[in-house]
Amino acid sequence: MTEVEVKKTQESLQDRLAQVVELLQRQRVVEDLTHRQEGHHHDRVENLVHRQNLVELQRKLDDLHSADVAYILEALPLEERLTVWQLVKAERDGDILLEVSDSVRETLIADMDDHELLAAAKEMDADELADLAPELPRDVVHELMEALDGQQRERVRSALSYDEEQVGALMDFEMVTIREDVSLEVVLRYLRRLKELPSHTDKLFVVDYDGVLKGVLPIKRLLVNDPDKQVSEVMASDPVSFHPDEDAYDAAQAFERYDLISAPVVDKNDKLIGRLTIDEMVDLIREESETEVLNMAGLREEEDIFASVWKSLRNRWAWLAINLITAFVASRVIGLFEGSIEKLVALAALMPIVAGIGGNSGNQTITMIVRAMALDQVSTGNTSRLMRKELAVALINGLVWGGVIGAVAYMLYGSWSLGVVMTAAMTLNLLLAALMGVLIPMTLARLGRDPAMGASVMITAMTDSGGFFIFLGLATIFLL
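Conventions and cut-offs
Along each chain, residues carry numbers from 1 onward, in the same order as the chain's sequence is written. pLDDT decides what is reported in this predicted model: residues at 70 or higher carry local features, side-chain atom pairs at 80 or more are listed and counted, and totals for whole chains, interfaces and linings draw on all residues regardless. Each side-chain value is worked out from all heavy atoms of the structure, with water and hydrogens disregarded. Segments assigned H or I by DSSP are reported as helices when at least four residues long, segments assigned E as strands when at least two residues long, and all are numbered from the N terminus. Nonpolar core, defined: a set of buried Ala, Val, Leu, Ile, Met, Phe, Trp, Tyr and Cys residues in which side-chain atoms within 4.5 Å join the residues together. Burial classification: accessible surface area is computed with a 1.4 Å probe over protein chains only, and a residue below 20% of its type maximum counts as buried, one above 50% as exposed, and the rest as partly exposed. We call two residues in contact when some of their heavy atoms are within 4.5 Å. The patch calculation keeps residues exceeding 30% relative accessible area without a salt bridge and links them within 9 Å when they carry like charges or within 5 Å when they are nonpolar (Val, Leu, Ile, Met, Phe, Trp, Tyr). Methods summary: accessible areas were calculated by the Shrake-Rupley approach with a probe of 1.4 Å, and residue burial reflects only the protein chains presented. Salt bridges are counted wherever a side-chain nitrogen of Lys or Arg sits within 4 Å of a carboxyl oxygen of Asp or Glu. UniProt positions are given in the numbering used here, feature names are shortened, and annotations may be inferred rather than shown by experiment. Here the rule is simple: two strands pair whenever DSSP picks up at least two bridges between them. Working definition: a ring pair exists when centres of Phe, Tyr or Trp rings (six-membered ring for Trp) sit within 6.5 Å. Plane angles under 30 degrees give stacked, over 60 give edge-to-face, the rest tilted. For a Lys NZ or an Arg CZ to count as sitting over a ring, it must be within 6 Å of the ring centre and within 35 degrees of the ring normal.

## A few points about unusual backbone geometry
Phi at Asp259 takes a positive value of approximately 55 degrees, unusual for a residue other than glycine. Within the secondary structure, Asp259 is located in the loop between helix 15 (248-258) and strand 4 (262-266).

## Let's talk about the nonpolar core
Membership of the largest hydrophobic core comes to 57 residues, with the highest contact counts inside it found for Leu73, Val84, Trp85, Ile96, Phe242 and Leu276. Ranked by residue count, the leading element in this core is helix 15, at five residues. Setting aside residues no more than four positions away along its own chain, Ile96 makes contact with Ser66, Val69, Ala70, Leu73, Trp85 and Val88. Of all hydrophobic cores here, the second largest spans 26 residues; its members include Met351, Val354, Leu474 and Ala475.

## Digging into a nonpolar patch on the surface
Side chains of Ile396, Val400, Trp401, Val404, Val408, Tyr410, Met411, Leu412, Tyr413, Trp416 and Val420 sit close together on the surface and give an oily, nonpolar patch of about 1200 Å² of accessible area. Breaking the nonpolar patch down by element, the ones donating at least two residues are helix 20 (383-413) and helix 21 (416-446). Take the nonpolar patch: its biggest share by element is nine residues, from helix 20. Its relative accessible area of 59% is what places Leu412 among the exposed residues.

## Describing the UniProt feature "transmembrane region" (unreviewed entry) in the chain
Under the local residue numbering, the UniProt record ascribes the feature "transmembrane region" (unreviewed entry) to residues 317-337, 349-370, 391-413, 419-440 and 452-479. The distance separating the terminal C-alpha atoms of residues 349-370 is 33 Å; by composition the span is 100% helix and 0% strand. Secondary structure across residues 452-479 comprises 86% helix and 0% strand; the distance between its end C-alpha atoms is 40 Å.

## Quick notes on the environment of Ser456
Its place among the elements puts Ser456 in helix 22 (residues 455-478). When its relative accessible area of 22% is taken as the criterion, Ser456 is described as partly exposed.

## Let's talk about the sheet that holds strand 2 (residues 203-207)
In space, the three strands of this open sheet follow the order 1-2-3, with mixed pairing throughout. In this open sheet, the two edge strands, each paired with only one partner strand, are strand 1 (177-178) and strand 3 (213-218).

## Brief notes about the UniProt feature "domain: CBS" (unreviewed entry) in the chain
Taking the numbering used here, the UniProt-annotated feature "domain: CBS" (unreviewed entry) corresponds to residues 171-233 and 235-291. Counted over residues 171-233, helix gives 30% and strand 21%. Its end C-alpha atoms are 28 Å apart.

## Some points on the packing of aromatic side chains
Within this structure, the stated rule accounts for two aromatic pairs. Seen in terms of ring centroids, Phe242 and Phe255 are 6.1 Å apart; in terms of plane orientation they differ by 20 degrees. Their pairing is stacked. Placement of the pair is Phe242 in the loop between helix 14 (231-234) and helix 15 and Phe255 in helix 15, with a sequence separation of 13 residues. A single burial state applies to Phe242 and to Phe255, both of which are buried. Between Phe337 and Phe469, the aromatic rings sit 6.0 Å apart at their centres with planes inclined by 70 degrees, giving edge-to-face as the arrangement. Within this pair, whereas Phe337 is found in the loop between helix 17 (309-335) and helix 18 (338-343), its partner Phe469 is found in helix 22, the two being separated by 132 residues in sequence. In this structure Phe469 comes out as partly exposed when scored by relative accessible area, which is 47%. The positively charged end of Arg179 is found above the aromatic ring belonging to Tyr209, 4.6 Å away from the centroid.

This is the structure we're talking about:
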């Protein structure tokens, strides 16, 4: 899709959201007006207007893709979200529940009764059920499992047996398998008998009579080769494959590296048990990116922007409390040098610059390190070289920009010694920021935590306290 097409799609989606919001507002205004009116036909008029608005709104929703409806639901406050959700056709509930974010899905499921949840879940494939099952009430999951046939039940249990960050939790069971000892003409006839191909089918999986993967037959090879050729002559015998217990993010990187659309998942005996598809990998990469951003800001989980005040507080309070403690520590560092600040007021004006630049530089370093760790570019063999490189960058930046701000301090206050102290403090704080920017995420990873978890909060605390101490300490020693 070209950039222009993407822009048009996005503009169209925004327009549709605006139309839905306008209809909801119109309905609310009309209801308010009719409530104020008095007369024999009041209830009849109100009911008629209410139905007209709902019919028009439902028509708008019916025209939208499930992903677009999910986007609109996420962008609406809770009351309006539930109003729109009630207008969605029952057969689309499952698709939309899979598209919305976890926090919004929780509010939608809470508004549905067990019968509605069962009806929505029965339309899903095994891998989709596995995604949704942890968020459904226990009795609904039990009843749903009882209603599935043996094969579907086994597939759902298989997917649920893996951690959500493993390939097995994301694999799809819908795929087309063929034998290697048949001709391409036979394969084509077989495909024509199918009602439809599974989504994202760019290759067929070649297996033997025991289900062991022998290779893959890309659709493009099937179409351009002589129909009389055997599958074994045309297939790729060394496809990229995954095991169900592998890390899903590693698989996503492989999809990006090798430009994959789908790939087989095999057990330890190379028996084909499922496949991965590009849509799951794209969703995984997006979720990982969002989680990383939230973690760096100290948020514990994805938050519904229209969540209750109490729920938002619970999500945010922990790192805010930590930040409050670190801010108090920074204030006590300043308190140690109250006498120096009283004698030279310029210190109070200049010290936030040192701390602010250090925090910005530290966040840049942490962002680069966390990204490199996510891509597995950081190892024990290159850690020391990486540390030296970041310290060198910090040293040069400190001397250059510290010299600039030192010159500004000299021009403002007429003290060359103050300018030198400013340059030295800036350089030392940038070196501290670089050191902490490398050590914080690596230490978190070694402790088994997400390298991005609260990293931004911690680096800011380090550079604030360290910057104040370094600058005021040097000023006390050399100026006072």
